[in-house]
Amino acid sequence: MTRVRTTKDPLALKNELGPKLVIVMCGLPARGKSYICKKLSKYLSWCGFRTKVFNVGNRRRINVPPTNTPNIIDEPKSPLLQPGDKNPFSKRNSFHDNGGGSPTFVGRPGTLHDSSFFDPTNKEFKATREKLALETLDELLNWLNFEGGKVAIHDATNTTIERRRAVMERVKAEKDINVVFVESICTEGPILEANIRMKLQGPDYLHMEPEEAIADFKARMANYEKAYETISEAEEEAGISYIKIINVGKKVIAHNINGYLPSQCVFYLMQIHIKERTLWLSRHGESTYNRVNRIGGDPPLTPLGARYAKTMNSFVQCQVVPPHLHPVRDADEIAKRRSNLHVWSSTMLRALMSVEGFEDGNWHVMHFKALSELNGGICEDMTYDEIERTYPEIWNERGKNKLMFRYPGPGGESYMDVIERLRPIIVELERMEDDIMICTHQVVMRTLLSYFCNIPLEEMPTMAVPLHTLYKVSPKPYGADVSVFHWNPETDEMVLVGGSELLSVKGAS
């Protein structure tokens, strides 16, 4: 009988070791703070750290009476209104929560809180903003202390020394919690304009004419600029730990950064950018092992798998270099487009055979062992039926928790082990500005899609990523656009079958 050694959940251990971390964003509006929050949260969560973003703007939109009153049917109760205060909400249009923590007002167009709310000379509004920030911080600390959190991100402007001092003093009053400030600075006009346009799609400017929204938002920025104080040498001398990100990662400054988690944040933030690119992700074609439901090993493709590989290679190449380009007249354009695509695969035979169409000298092809399939340890080269009959204890343990289960025996891995070996791959993918085609295996596909599409780790091991399916993933500032193509062997065509909704479909193995 093979014994399966039971150890403490490694994910729980990861979240227990070392101090917890509060990341405090700071910077003027439209400098990419929320974008950085989402990137950091996605990466740290994917690495196994329980991470959550706490947005002060969401609390403001829910709790603070509007300065630009848009007439509302239902009277929401505001925690910031004291008994006896007059509620400025009137009763003609409707109020509802859009599901993201930010309210939506349906009716007369207009922002909920216009630029006057952010005037630093208005003492009443300033006091309200300070209260919102500290209440959000209290909620954040409660989550860290009592709900099992590891990394909490305070998403706010925090643009004054006074505010940052108050935040730091409050966090330092807690035991075993470190604080790092992340200031986002933007000096390049095109990036700033792009960030402003992005803001117009947010909850503050729903149903508002673009020209009016831009004018109000620029007035809001001007109000913040009146009181803005960048992190200074005086704060350095007071012992503050900070990271400054200039122009979305073009320059990164780190000061007084100590410990594993803060160091990981610095390293990751040095890689990010906002250039649009496309990732093509596919499993290898059907192998001889797939045919009989056998795991691991290094089998070749079946004839059917080879047909898929040829069609998939040709399809991606045609997406990169459209057929209308003339091989002689447009030679320079074709060469430029080809150089913009990197092709990666694992070093396993079935993956190597699946990218042979790119091995003609015209494409940049690389093979990485890190992209290989999860190692099955003593269960390598066995079918699932054989594993269940031969090693029932192993089969039962795997069924209890696929994310944490590690196959026993030399080289045996778990999903979390695969995440660890893929971290350098993810960092390199974040750094790259070119398009990329990756041909890999089922567990690695699930892991990559989980990262880029922000799928919780608990759901990742059961994602359906069928053979002969190609995923086109286009990372965006607040998520990713996904198109899924499936190969039709009868017509030998790649057919668009859906988008991100297919990522929630459950798989069998």
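No experiment lies behind these values; they were computed from the predicted model shown. Residue positions are given per chain, counting from 1 as you read along its sequence in written order. Given that this is a predicted model, residues contribute local features only at a pLDDT of at least 70 and side-chain atom pairs are listed and counted only at 80 or more, while totals for whole chains, interfaces and linings are drawn from all residues. Working from all heavy atoms in the structure, the side-chain values ignore hydrogens and water.

Engineer: Sorry if this is basic, but what is going on with the sheet that holds strand S1 (residues 20-26) here?
Structural biologist: Strand pairing in a sheet relies on backbone hydrogen bonds, with the paired strands running either antiparallel or parallel. Strand order in the open sheet made by the six strands is S2-S5-S1-S6-S7-S8, with mixed pairing throughout. Each edge of the open sheet carries a strand with a single partner, namely strand S2 (51-55) and strand S8 (251-255). Neighbour-to-neighbour, the strand axes of this sheet turn through a mean angle of 20°, independent of strand direction. Paired strands are those between which DSSP finds at least two bridges. Here a helix means four or more residues in a row that DSSP labels H or I, a strand means two or more in a row labelled E, and each is numbered from the N terminus. Examined bridge by bridge, strand S7 (residues 242-246) and S8 share five bridges and lie antiparallel to one another. Considered in S8, the bridge of Ile-246 is made with Lys-251. Pairs of residues are marked as contacts when any of their non-hydrogen atoms sit within 4.5 Å. Here the axes come from fitting lines to C-alpha atoms, over the contacting stretch only for helices, and the angles between their N-to-C directions go from 0 to 180 degrees. Against the sheet, helix H2 (residues 33-46) makes contact with S1, S2, strand S5 (151-155), strand S6 (177-185) and S7, and its axis sits at roughly 170° relative to S5, the strand it touches most.

Engineer: Just checking my understanding: could you explain the packing of helix H16 (residues 415-431) against helix H17 (residues 442-452) for this structure?
Structural biologist: Relative orientation and spacing of two packed helices are given, respectively, by the angle between their axes and the distance between those axes. The geometry of H16 relative to H17 is characterised by a closest axis approach of 10 Å and an angle of 55° between their N-to-C directions. Classified by the interaxial angle, the pair formed by H16 and H17 is oblique. Relative to H17, H16 is oriented so that their crossing is right-handed. Residues Tyr-415, Val-418, Ile-419, Arg-421, Leu-422, Ile-426, Leu-429 and Glu-430 of H16 form the contact with H17, whose participating residues are Val-443, Val-444, Arg-446, Thr-447, Leu-448, Tyr-451 and Phe-452. Residue polarity is assigned by list, with Asp, Glu, Lys and Arg as charged and Ala, Val, Leu, Ile, Met, Phe, Trp, Tyr, Cys and Pro as nonpolar; anything else, Gly included, falls into the polar class. Its residues placed into classes, the contact of H16 with H17 shows eleven nonpolar, one polar and three charged. Note on angle classes: values under 35 degrees are labelled roughly parallel, values over 145 roughly antiparallel, values of 65 to 115 roughly perpendicular, and the remainder oblique. Handedness of each helix crossing follows the sense of rotation of the near helix against the far helix: counterclockwise by less than a right angle gives left-handed, clockwise gives right-handed.

Engineer: Just to check I follow, could you spell out the packing of aromatic side chains for this structure?
Structural biologist: Note on aromatic contacts: the rings of Phe and Tyr and the six-membered ring of Trp form a pair at centre separations within 6.5 Å, being stacked when their planes are under 30 degrees apart, edge-to-face when over 60 apart, and tilted otherwise. A full pass over the atoms with the stated rule returns 18 aromatic pairs. Ring geometry for Tyr-43 and Tyr-451: centres 6.5 Å apart, planes at 85°, overall edge-to-face. One end of the pair, Tyr-43, is in helix H2; the other, Tyr-451, is in helix H17, and 408 residues separate them in sequence. Burial here depends on accessible area, computed with a 1.4 Å probe over protein chains only, as a share of the maximum for the residue type. Under 20% is buried, over 50% is exposed, and the range in between is partly exposed. Residue Tyr-43 is classed as buried on the basis of its relative accessible area, which comes to 2%.

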